[in-house]
Amino acid sequence: MSKNNKHLTTSSGAPVGDNQHSITAGSRGPTLIQDVHLLEKLAHFNRERIPERVVHAKGAGAHGYFEVTNDVSKYTKANFLNEVGKKTPMFIRFSTVAGELGSADTVRDPRGFAVKFYTEEGNYDLVGNNTPIFFIRDAIKFPDFIHTQKRDPRTHLKDPNMVWDFWSLSPESLHQVTYLHGDRGLPATLRHMNGYGSHTFKWVNEKGDAYWVKYHFISEQDVKALDESVANKLAGENPDYHTEDLFNAIEEGNYPAWRLYVQIMPYEDAKTYKWDPFDVTKVWSKEDYPRIEVGRMVLDRNPENYFAEVEQAAFSPGHFVPGIEASPDKMLQGRLFAYSDAHRYRVGANHEQLPINRPISGTNNYQRDGYMRADDNGGGSINYEPNSYDGPKESEEARINPFEVTGQADSVNYDSEDHYTQAGDLYRLMSDDEKDRLIHAVVGHMKPVKKDEIKLRQIKHFYKADPEYGRRVAEGLGLEVPEEQEV
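Just so it is clear, the structure is predicted and the values come from calculations on it, not from any experiment.

Asker: Describe the packing of helix H3 (residues 160-168) against helix H10 (residues 432-446), and please don't skip the residues or the numbers.
Answerer: Where H3 meets H10, the closest approach of the two axes is 9 Å, and the angle between their N-to-C directions is 115 degrees. Contacts between H3 and H10 involve Pro 160, Val 163, Trp 164 and Trp 167 from the first element and Val 442, His 445 and Met 446 from the second. Broken down by class, the residue content of the contact of H3 with H10 amounts to 6 nonpolar, 1 polar and no charged.

As structure tokens, this is what we get:
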């Protein structure tokens, strides 16, 4: 008898007698429907894939911890940040934005940087990117933007015509377009890039004082980029290069780490700051609001099962803890709904019960039933509130700290705002070599665009950011410099 007592079973726990041969009517007869193990095996196989994420489909993840290194309790009452030396378990998922689940890791694309902190007061998710800004600042434009990054509905091919048509008609994208086509668009590895919360958030302290905050995760491995030719070569030869690098580094004990810094803006400053502080296409000057160290994030454990931990991980910018709240950032406001709703569709209404998403603090609420309810569904307890049976009640401490709103309910037009200064500042900050690589990437990406109208419209945006920027792109595309843009 075999020493292995782990008998193969069906999903209902019954032992399987033969996993190599179907039950048939004789040696050459048809397969019988009574072979329930075969039917279960094939049926489950047909359902092994859940819908992939519409964006951020391709990703890698790891477990680790966050340790507080600086007391920031005067800014926030968040429990997991209230003591130097305090450690909080966390899980991170890195990803590309536009590619499908089987796409290459080394394509030019922003990288998702999503962190789940398993705090004593519930899960806190910080769902950002490796850039401090984004292409658009209003969630109503997000579906249209992502359609341009995906596949043409007729050819089913990626189409630069769609991409640049949208960008040229959305000048607020220029800052992020410049980031994307610079070195940050091709990180050497997932370990060699920074991460940002991108949006503005609100911190509230024990006294009820509010501050506006931006997050910066700065890589201790330094920021490094891939040469575009190397990135393209890797995309063909090892499309999982970044996934492999992260896994191997952690497996070998070479634990990657990031320092978390925040920029803190006093609450009243938002009313008079030179930029809209809630505009995710803009950054705050570090001279105006210097970075303050908060803590250190270390990744020290690989997932045991990719599907259970990385694929089913569900992050939402709406997962806050007391002391951290939303801002009026319009893009953030849309994401507060869209992310959790995507997980309800993709993984199910009870996705928070999965081990990778389950808060260590436990849950007490009146949500019941739904597909794949994995706990006791509340047992026989009361499922409504208010009630007279000592059911869970709201917490005064968790009440949202209000911020005032002004004006009329309306669809606000941004056309009069400055989309160019910060993009131009970014260009001028680059070294000559960085500028050369930026121009090469932009020109290479724009060359397939068929309509000169689209190219010229985008070139005008580059000119408004910096005349040299626009001139070099125009020359690279073999187009005449528009006379009205001559400087």
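Asker: Explain empty space enclosed by the protein residue by residue, including any values.
Answerer: Enumeration according to the criterion identifies 3 cavities of 30 Å³ or more in this entry. One number sums up the size of the largest cavity: a volume of about 60 Å³. No other element matches the 3 residues that strand S2 (residues 87-96) contributes to the lining of the largest cavity.

Asker: Help me get a handle on the pairing of S2, residues and values and all.
Answerer: Most of S2 is tucked away, with 8 of its 10 residues classed as buried. Looking at chain direction, strand S1 (residues 59-68) and S2 are connected through 9 bridges and run antiparallel. Bridge assignment links Gly 59 to a residue of S2, and that residue is Ser 95. As paired elements, S2 and strand S3 (residues 111-119) share 7 bridges and run antiparallel to each other. For Thr 96, the partnering residue across the bridge sits in S3 and is Arg 111.

Asker: With reference to specific residues and values, describe the pairing of S1.
Answerer: Extensive coverage of S1 is indicated by the burial of 8 of its 10 residues. As defined by bridge partners, S1 adjoins strand S9 (residues 291-301) across 6 bridges and the pair is classed as antiparallel. Within S9, the residue paired with His 63 across the bridge is Arg 301.

Asker: Let's hear about helix H2 (residues 142-149): which residues, and what values?
Answerer: Those residues of H2 that fall on the buried side of the exposure criterion are Phe 145, Ile 146, Thr 148 and Gln 149. For H2, the angular spread of the buried residues around the axis is 155 degrees, confining them to a single face. Summarising the contacts, the buried residues of H2 are in contact with H3.

Asker: So what's going on with the side chain of Arg 346? Residues and values would help.
Answerer: Mapped onto the elements of the fold, Arg 346 is located in helix H8 (residues 330-346). Taking relative accessible area as the criterion, Arg 346 reaches 7% and is therefore assigned buried. In this structure the side chain of Arg 346 is engaged in a polar contact, spanning 3.5 Å, whose partner is the backbone oxygen of Pro 51. Polar side-chain contacts of Arg 346 include one of 2.8 Å to the backbone oxygen of Glu 311. Residues contacting Arg 346, with those up to four places away along its chain left out, are Ile 50, Pro 51, Glu 52, Arg 53, Glu 311, Gln 312 and Ala 313.

Asker: Pulling in residues and values, what's your account of the environment of Trp 167?
Answerer: On the secondary structure map, Trp 167 appears in helix H3. Trp 167 gets classed as buried once you look at its relative accessible area, which sits at 1%. Remark: the alpha-carbon pair of Trp 167 and Phe 135, spanning 32 residues in sequence, is separated by 8.3 Å. Once residues within four sequence positions are removed from consideration, Trp 167 is found in contact with Phe 135, Phe 145, Gln 149, Ser 173, Val 177, Leu 180, His 181, His 445, Gln 458 and His 461.

The rules behind each value
Residues numbered from 1 in each chain as written. Predicted model: local features only at pLDDT ≥ 70, side-chain atom pairs only at ≥ 80, totals over all residues. Heavy atoms only, no water. Axes fitted to C-alpha atoms, helices over the stretch in contact; angles between N-to-C directions. Helix = DSSP H or I, 4+ residues; strand = E, 2+ residues; numbered from the N terminus. Contact = heavy atoms within 4.5 Å. Nonpolar A, V, L, I, M, F, W, Y, C, P; charged D, E, K, R; others polar. 1 Å grid on protein atoms, 1.4 Å probe; cavity = no way out; pocket = protein on both sides within 12 Å on 5 of 7 lines; lining within 4 Å. Points joined across faces, edges and corners; volume = space filled by probe spheres on them. Buried < 20%, exposed > 50% of the residue type's maximum accessible area, 1.4 Å probe, protein only. Pairing = 2+ DSSP bridges. Arc of directions from axis to C-beta. Polar contact = N/O pair within 3.5 Å; in protein donor to acceptor, adjacent residues only side chain to side chain.

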